[in-house]
Amino acid sequence: MTLWDLTQGASAKVSSFKSNIQSGYRTRLSELGFHPGEHISCVLSPSLGAPKLYRVNNTVYSLDDSIASLIEVA
Amino acid sequence: MPIASAAKIALIGSPNSGKSLLFNRLTGLNQKVANFPGITVDIASGQSLDDSSIQYLDFPGVYSLQAISGEEKVAVEAFTQALEENLLDTVICVVDSTRLEKGLIFALQVLETCHNYNKPMLIAANMVDVLDQHSMQFDPQGLAETLKIPVLPISARTGLGLSELPGAIATANVPPQKFESDIIASDESINHLHAQQLAEQHGPKGDLLINTQTRLDSFFLHSWFGGLSFFVIMYLLFQSIFSWAAPVMDAVEAGIGWLASIVLPVIPVGVATDFASDAIFGGIGAFLVFVPQIFVLTLVVGMLEDSGYLARAAVICHKPLRFFGLTGKSFIPMLSGVACAIPGIYAARTVESTRKRWLTYLAIPLMPCSARLPVYTLIIAAFIPANKALGGLLGWQGLAMFSIYLLGIVCALLVTAIVSRSSAELRTDLPFVLEMPPYRLPSWKPLVRNAWNRCKHFVTKAGKVIFMVTVIIWILGYFPNYGESLGDSWLGTMGQWIEPVFEPIGLDWRYGVAILSSFLAREVFVGTLGTMFGIEGAQEDFSSLAQQIQDSGLPLGSGAALLVFFAIALQCVSTLAVLQRETGSWRLPVQLFISYSIFAYIAALSVFNLVELFT
């Protein structure tokens with residue numbers, strides 16, 4: 001299951017990154033809080049496939065499917 | 001004390017850390033762009049309001065010192081190069097104390113860099129006023145002791161703690177030691193684990209802001225309410241450019257007219273008066289009139305950005321614009337381009353990704369700007385009957401206007417879709433990860449200051465180029481017969497030379513001259529054509545000129561071709577000059593001018609032949 005599959009209101013722990021993610025993106029996502037072991041919740045899932053809103057600690061980020069589907073959650 | 005001997009203090013921080021607000025607060029209006037040899041990004045510099053021996057330097061906001069995009073690399077290199085060349089005395093790392101863990105990941109990178117370059121640093125923990133509002137606290141003293149650098153709790157918004165900043169700078173007189181702890185982890189995650197531990201030990205505890213923010217997000221990103229509020233806000237933005245700026249634009253025009261009426265009678269009649277009247281007052285008037293629009297748009301876009309709405313608007317627009325190779329943040333610059341390309345190009349600064357901004361630059365000049373309106377109105381009045389259909393609901397002229405506006409937008413999206421797919425470099429870009437800043441009331445002072453600086457930038461930088469081209473076109477149109485007849489001028493001769501170019505679309509040399517002169521600004525086309533047909537004040541009286549065009553026997557195909565040509569061609573010296581200033585080179589404006597001219601000509605030729613085939 002990836003972060004993009006998380007429905008509104010659901011939360012999960014980041015387990016890993018997909019192997020095809022660029023190393024720079026992986027580092028950046030880790031710096032922003034999306035690193036293995038971190039609790040992420042999907043606070044808003046707008047309709048029509050718009051980027052979803054995820055909460056990490058006290059920050060909310062919007063991620064589109066191209067990047068959220070590279071983060072594995074469990 | 002002169003700036004040269006002042007202590008140079010760098011401000012560095014991530015976007016949304018409040019760094020620029022702090023810089024504005026510390027320096028007031030005493031800002032200029034720092035001139036560092038070899039450094040290509042704009043670093044604002046300003047003398048401290050409280051202590052003239054301190055000069056603050058505002059480095060571009062970056063999320064990390066490990067850059068992943070070209071633009072970030074340039075910004076990070078600017079910082080490390082300034083350290084390397086010993087241009088800085090102390091570094092202030094600004095962090096958001098409400099999101100301490102994230103701020104500390106960045107601060108630890110800065111600490112390591114300052115340790116490597118032997119530069120003292122301190123942390124300015126911003127937004128403590130927000131912590132106070134939520135009755136939350138953090139432990140700056142403990143954090144300072146652990147990191148062995150000064151940590152100053154401040155609020156750039158309220159000014160809290162800022163008076164202690166010079167003292168803290170003086171205290172930070174030794175380079176930081178490398179931060180070490182008992183955590184053992186890989187290089188990639190060590191900073192994060194350190195930051196997590198430090199935030200747990202010294203940071204504020206508990207939930208902050210999120211509940212209100214989520215409620216507002218649920219509204220602004222709701223399928224219906226979100227769409228509706230987006231429409232209303234964009235409508236207001238659009239109105240602000242057209243309506244709020246209009247009276248000031250009229251006032252600017254009237255002011256220049258008034259000044260001309262005083263100055264011109266004093267100058268001896270002849271070339272000097274004509275030059276002052278047409279090139280100086282006419283030329284300056286033509287570009288100064290954009291200033292109110294730039295001011296209003298910069299102010300409104302800044303307000304939307306500061307309030308947190310711009311990030312939400314980017315989320316709403318991201319998916320549809322991604323299909324055309326753009327990003328959600330391209331929407332506002334493009335919408336602004338419908339009023340005028342110049343403020344639109346300035347607004348594109350909000351697009352962080354260099355590639356997406358570059359694609360946005362391609363789209364903006366094709367958006368149907370207001371300068372095209374007089375041309376469209378004239379041609380439509382000359383060719384399309386004022387009849388209405390469907391019981392008066394549908395006017396043919398209105399439909400034609402709508403179609404030509406739509407054509408510009410479609411062309412803009414088509415161009416970006418094709419160009420973004422044409423190169424692998426443009427297809428791959430930063431992923432869409434956008435921090436949703438908290439909703440807040442905008443701070444007016446920095447916004448007004450920013451709008452003022454933007455206008456100043458336009459007048460002083462782009463104004464020079466615009467004025468130069470104005471003078472060249474005036475000389476070509478005035479000599480060798482001293483303004484007696486535009487047709488016999490060098491410009492007129494050039495129009496006759498290029499007549500074979502416009503002949504295939506059924507246009508004679510007069511239209512050629514009008515098109516050439518419209519390079520200055522599109523609306524000049526109407527005035528020039530009026531002069532060619534011998535009608536003074538053509539811009540105020542469309543019907544007579546439209547009638548003249550009709551009576552001259554210009555075919556319908558040529559009218560349609562002219563509309564299409566003006567919808568695509570980039571005839572606007574101001575747009576080209578601003579593009580040059582924003583991209584730092586003439587490459588993009590020249591490429592766009594040539595390619596859009598060819599595109600416009602081919603499209604106009606095709607439309608002419610198509611219409612002529614069916615009429």
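My aim in this report is to walk through the structure given alongside it, one point at a time. (Residues numbered from 1 in each chain as written. Chains lettered and ligands numbered in written order. Predicted model: local features only at pLDDT ≥ 70, side-chain atom pairs only at ≥ 80, totals over all residues.)

Quick word on the nonpolar core
What tends to happen in soluble globular proteins is that the nonpolar side chains get buried as a cluster. We count it as follows: Core membership is restricted to buried Ala, Val, Leu, Ile, Met, Phe, Trp, Tyr and Cys residues, and these are joined into a nonpolar core through C-beta atoms within 7 Å. Using C-beta atoms placed from the backbone, we call a residue buried if 20 or more other C-beta atoms fall within 10 Å of its own, exposed if 12 or fewer do, and partly exposed for counts in between. The contact rule is simple: place each C-beta atom from the backbone, and if two of them lie within 7 Å, those residues are in contact.
Membership of the largest hydrophobic core comes to 132 residues, with the highest contact counts inside it found for Tyr54 of chain A together with Ala363 of chain B. For Tyr54 of chain A, the contacting residues outside a window of four places in its chain are Leu3, Ile40, Ser41, Cys42, Val43, Val60, Tyr61 and Leu63 of chain A. One finds Val110, Met127, Val151 and Ile154 of chain B within the second-largest nonpolar core, a separate group that totals 58 residues.

What about the pairing of strand 5 (residues 90–96) of chain B?
Residue and element names in this part refer to chain B. Worth spelling out the cut-off: Counting from the N terminus, the helices are the DSSP runs of H or I reaching at least four residues and the strands are the DSSP runs of E reaching at least two. Two strands are said to pair when DSSP picks up at least two bridges between them.
With seven of seven residues buried, strand 5 lies mostly within the body of the structure. Alternating residues of strand 5 divide into Thr90, Ile92, Val94 and Asp96 and Val91, Cys93 and Val95, and every residue in both groups is buried. Sheet topology note: the strand 1 (residues 7–13)/strand 5 ladder contains five bridges and is parallel. Looking at the pairing, Gly13 lines up with Val94 of strand 5. With six bridges connecting them, strand 5 and strand 6 (residues 121–126) associate as parallel partners. Counterpart to Val94 in the pairing with strand 6 is Ala124.

Brief notes about the packing of helix 16 (residues 373–383) of chain B against helix 25 (residues 556–568) of chain B
All names here are of chain B. To be explicit about the condition: Axis geometry follows a simple rule: fit a line to the C-alpha atoms, using only the stretch in contact for helices, then measure angles between N-to-C directions, giving values from 0 to 180 degrees. Here roughly perpendicular refers to angles of 65 to 115 degrees, roughly parallel to angles under 35, roughly antiparallel to angles over 145, and oblique to all remaining angles. Rotating anticlockwise by less than a right angle from the far helix to the near helix defines a left-handed crossing, while the corresponding clockwise rotation defines a right-handed one. Residue classes follow a fixed rule: Ala, Val, Leu, Ile, Met, Phe, Trp, Tyr, Cys and Pro count as nonpolar, while Asp, Glu, Lys and Arg count as charged, and any other residue, Gly among them, counts as polar.
One way to put it is that helix 16 packs onto helix 25 with a least axis distance of 10 Å and a crossing angle of 165°. One element, helix 16, and the other, helix 25, form an angle in the roughly antiparallel class. As for how helix 16 packs across helix 25, the hand of that crossing is left-handed. Along its contact with helix 16, which presents Val375, Tyr376, Ile379, Ala382 and Phe383, the element helix 25 presents Leu556, Gly559, Leu562, Leu563 and Phe566. When the residues that make up the contact of helix 16 with helix 25 are grouped by side-chain class, the tally is nine nonpolar, one polar and no charged.

Concerning the interface of chain B and chain A
Residue-level contacts link 31 residues of chain B with 29 residues of chain A. At the level of elements, helix 3 (100–117), helix 7 (187–202), helix 8 (210–220), helix 12 (309–323) and strand 10 (433–435) of chain B are the ones that each hand at least two residues to the side of chain B that touches chain A. By residue class, the composition of the side of chain B that touches chain A is 14 nonpolar, 10 polar and seven charged. Sheet topology places strand 4 (residues 59–63) of chain A next to strand 10 of chain B; three bridges connect them, and they run antiparallel. Paired with Ser62 of chain A across the two strands is Leu434 of chain B, which belongs to strand 10 of chain B.

Focus: the sheet that holds strand 3 (residues 52–56) of chain A
Strand order in the open sheet formed by six strands is 5(A)-1(A)-2(A)-3(A)-4(A)-10(B), and the pairing between neighbours is antiparallel. Each of the sheet's edge strands pairs with one partner strand only, and the pair in question is strand 5 (71–73) of chain A together with strand 10 of chain B. Within this sheet the neighbouring strands show an average axis-to-axis angle of 40°, counted without direction.

Digging into unusual backbone geometry
Residue and element names in this part refer to chain B. Backbone torsion omega between Phe479 and Pro480 reads 5°, so that peptide bond is classified as cis. Position of Pro480 relative to the elements: it lies in the loop between helix 19 (444–478) and helix 20 (490–497). Residues other than glycine seldom take positive phi values, yet Ser135 does so here, at roughly 50°. Position of Ser135 among the secondary structure elements: in the loop between helix 4 (128–133) and helix 5 (140–147). On the basis of neighbour count, Ser135 is assigned to the exposed category, with 8 C-beta atoms found within 10 Å.

Focus: the environment of Leu49 of chain B
All names here are of chain B. Looking at where Leu49 falls in the secondary structure, it is placed in the loop between strand 3 (43–47) and strand 4 (54–58). For Leu49, a count of 15 C-beta atoms within 10 Å corresponds to the partly exposed category. In this structure, the C-alpha to C-alpha distance between Leu49 and Thr27, residues 22 residues apart in sequence, is 5.3 Å. With residues up to four places along the chain from it excluded, the contact list for Leu49 reads Leu26, Thr27 and Gly28.

Details of helix 27 (residues 587–614) of chain B
Worth spelling out the cut-off: By this rule the span expected of a helix is its residue count minus one, scaled by 1.5 Å.
With 28 residues, helix 27 of chain B ought to run about 40 Å at 1.5 Å a step, and its terminal C-alpha atoms sit 41 Å apart, in line with that. Buried residues belonging to helix 27 of chain B abut helix 15 (354–363), helix 25 and helix 26 (573–583) of chain B.

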